[in-house]
Amino acid sequence: MLAPYAVSDAESRGRRYPESSPRYRGEFQRDRDRIVHCSAFRRLEYKTQVFVNHEGDMFRTRLTHSIEVAQIGRSIARVLGINEDLVEAVALAHDLGHTPFGHAGQDALNDCMRDYGGFEHNLQSLRVVDELEQRYAEFPGLNLTFETREGILKHCALHHAGELGELGTRFLHQQQPSLEAQVANVADEIAYNNHDVDDGLRAGLITLEQLDEITLFDEHHRQVRELFPQLNGRRVSHEIVRRMINHLVVDLVETSQARLAEYDPVDVSAVRACSGPLIGFSDGMKEKSLQLKRFLRKNMYRHYRVHRMTAKARRIIHALFDEFMNDPALLPDEARINLWEGEQEGGSSGRARAVADYIAGMTDRFAIAEYERLFNPHIT
Ligand code: MG
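Just so it is clear, the model here is predicted, and its values are computed rather than measured. (Residues numbered from 1 in each chain as written. Predicted model: local features only at pLDDT ≥ 70, side-chain atom pairs only at ≥ 80, totals over all residues. Heavy atoms only, no water.)

### Regarding the coordination of the magnesium ion
Tetrahedral coordination by four donors puts the ideal angle at the metal at 109.5 degrees, and octahedral coordination by six puts it at 90 or 180 degrees.
At step 1: The coordination sphere of the magnesium ion, as far as protein atoms go, consists of His-65 (NE2), His-94 (NE2) and Asp-188 (OD), spread over 2.1 to 2.3 Å.
At step 2: For the magnesium ion, the donor residues sit on a single chain with the sequence spacing H-x28-H-x93-D. With a gap of 94 residues between them, His-94 in the loop between helix H4 (84-93) and helix H5 (102-112) and Asp-188 in helix H10 (residues 179-203) connect regions that are remote in the sequence. In terms of burial, His-94 and Asp-188 fall into one category: buried. (Donors = N, O, S within 2.8 Å, 3.2 Å for Na, K, Ca; no water. Helix = DSSP H or I, 4+ residues; strand = E, 2+ residues; numbered from the N terminus. Buried < 20%, exposed > 50% of the residue type's maximum accessible area, 1.4 Å probe, protein only.)

Quick look at the structure:
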């Protein structure tokens, strides 16, 4: 069923701790199942990208975002004849390492960790599945396949790549990840650009009129108006957004099919050896997508209402980090034990890493509550 350039169970580079094959599932189904059952996955429900979780039940959370990425990724994978289960596993796991409060939280934690090796959410997602989840008797983490871990590690600074063994080599030698990883990566981009438009409209941060400056939006807005002149309210924006997603997916599939036909990779190794990704948009669509991204950055992510929230998030993360670093006795038992162990192994960097792990694992609401418990004298 799978194309020759797809990742298959038989050719997997396997798990760090060898296990016998599952009986009625594939290897990547097992990865997906382990991800769905892990605690970091459940916490995605109360973590956000742009909005803080308590701002409203209508907005995307990292959990619904991950499910949308899996949906888009699987649709693309099926047409291309590549491994849907692997795409789904990577999509569901790709944000497991995210801090509370979205990008603001990640930037703040990276600032706090500047002298201790920094903080990268991609590396943290890998850390969650490799080490931090404690569920199985025979190994730490979830013991996922090489291919799922490769897909989770989307980016990585070169100085970290050297420490990652086999997983880091592609960054050092400029190789590509599997097509499945490439699809999950682009599906992420398609999902967040479009749902940020949808959430931004709902929150009143941006308007249809403003969005008409954007070619991709304007094209579909006109189309919807022509087809349904009487339509109003939220159905207008939904009709536009679903058309944009479809347009992006169709362009991606057709462009990628053409590149696959041209390069004709005989197997996954040939995919990895390519000089660039084979999954991608046409030049025209890349330009349109970039225009939308720029618009969102300028009008939504930097909107004063969003900025107030991100400024608060930054203060909370910095305060929590400093407080726990200076007085580890404030940490709950498990986190404190991790900190002592980290310190024994890696000195102050190990200590900071344990604090970062504790903070990164928090949901938005837990981080706010923890801040209150530490700094508000009226709350215990
Ligand atoms: Mg994402």
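### Overview of the nonpolar core
At step 1: Of all hydrophobic cores here, the largest spans 75 residues; its most connected members are Ile-35, Leu-96 and Val-197.
At step 2: Sequence-distant contacts of Val-197, that is, excluding residues within four places in its chain, are made with Ile-206, Leu-211, Phe-217, Val-241, Met-244, Leu-292 and Leu-296.
At step 3: Grouped together as the second largest cluster of nonpolar side chains are 26 residues, Ala-108, Leu-109, Met-113 and Ala-356 included. (Core = buried A, V, L, I, M, F, W, Y, C linked by side-chain atoms within 4.5 Å. Contact = heavy atoms within 4.5 Å.)

### Here's the deal with the layout of surface pockets
At step 1: Of the voids in this model, the second largest pocket is the one considered here, and its volume is about 1,300 Å³.
At step 2: As for the second largest pocket, its lining consists of 48 residues, of which Lys-154, His-155, Asp-188, Tyr-192 and Lys-293 are closest to the centre.
At step 3: Sort the elements by how many residues they give to the lining of the second largest pocket and H10 lands first, with nine residues.
At step 4: Of the residues belonging to the lining of the second largest pocket, the class tally is 16 nonpolar, 17 polar and 15 charged. (1 Å grid on protein atoms, 1.4 Å probe; cavity = no way out; pocket = protein on both sides within 12 Å on 5 of 7 lines; lining within 4 Å. Points joined across faces, edges and corners; volume = space filled by probe spheres on them. Nonpolar A, V, L, I, M, F, W, Y, C, P; charged D, E, K, R; others polar.)

### Some words on unusual backbone geometry
At step 1: Non-glycine residue Gln-174 carries a positive phi angle of around 50°.
At step 2: When you line up the elements, Gln-174 lands in the loop between helix H9 (169-172) and H10.
At step 3: The class of Gln-174 is exposed, set by a relative accessible area of 65%.
At step 4: In this model, Asp-264 sits at a positive phi of 45°, which is unusual for a non-glycine residue.
At step 5: Along the chain, the position of Asp-264 falls in the loop between helix H13 (234-263) and helix H14 (268-273).

### Let's talk about the environment of Arg-114
At step 1: Residue position: Arg-114 is located in the loop between H5 and helix H6 (121-132).
At step 2: By relative accessible area, Arg-114 is classed as exposed at 60%.
At step 3: Note: C-alpha distance between Arg-114 and Phe-375 (261 residues apart in sequence) is 24 Å.
At step 4: In this structure the side chain of Arg-114 is engaged in a polar contact, spanning 2.6 Å, whose partner is the side chain of Asp-111. (Polar contact = N/O pair within 3.5 Å; in protein donor to acceptor, adjacent residues only side chain to side chain.)

### Notes on the packing of helix H3 (residues 62-80) against H10
At step 1: Running from amino to carboxyl end, H3 crosses H10 at an angle of 130°, the nearest separation of the two axes being 8 Å. It follows from the interaxial angle that H3 and H10 lie oblique. Our pair here, H3 against H10, has a crossing hand that is right-handed. Contacts from His-65, Glu-68, Val-69, Ile-72, Gly-73, Ile-76 and Leu-80 of H3 reach H10 at Val-183, Ala-184, Ala-187, Asp-188, Ile-190, Ala-191, Tyr-192 and His-195.
At step 2: Looking at side-chain class alone, the contact of H3 with H10 contains ten nonpolar, three polar and two charged residues. (Axes fitted to C-alpha atoms, helices over the stretch in contact; angles between N-to-C directions. Parallel < 35°, antiparallel > 145°, perpendicular 65-115°, else oblique. Left-handed = near helix turned anticlockwise from the far one by under 90°.)

### Observations regarding the domain arrangement of the protein
At step 1: According to the domain assignment, the protein contains domain 1 (25-305) and domain 2 (310-375).
At step 2: The straight-line distance from the C-alpha centre of domain 1 to that of domain 2 is 27 Å.
At step 3: Facing 28 residues of domain 1, the contacting portion of domain 2 comprises 23 residues.
At step 4: Per-residue buried area on domain 1 facing domain 2 is highest for Tyr-46, Phe-101 and Tyr-116; these three make up 30% of the total on that side.
At step 5: Arg-127 serves as the salt-bridge partner of Asp-357, at 2.6 Å between the closest nitrogen and oxygen. (Domains from an automatic or database assignment. Buried area = accessible area lost by both parts, 1.4 Å probe. Salt bridge = Lys/Arg side-chain N within 4 Å of Asp/Glu carboxyl O.)

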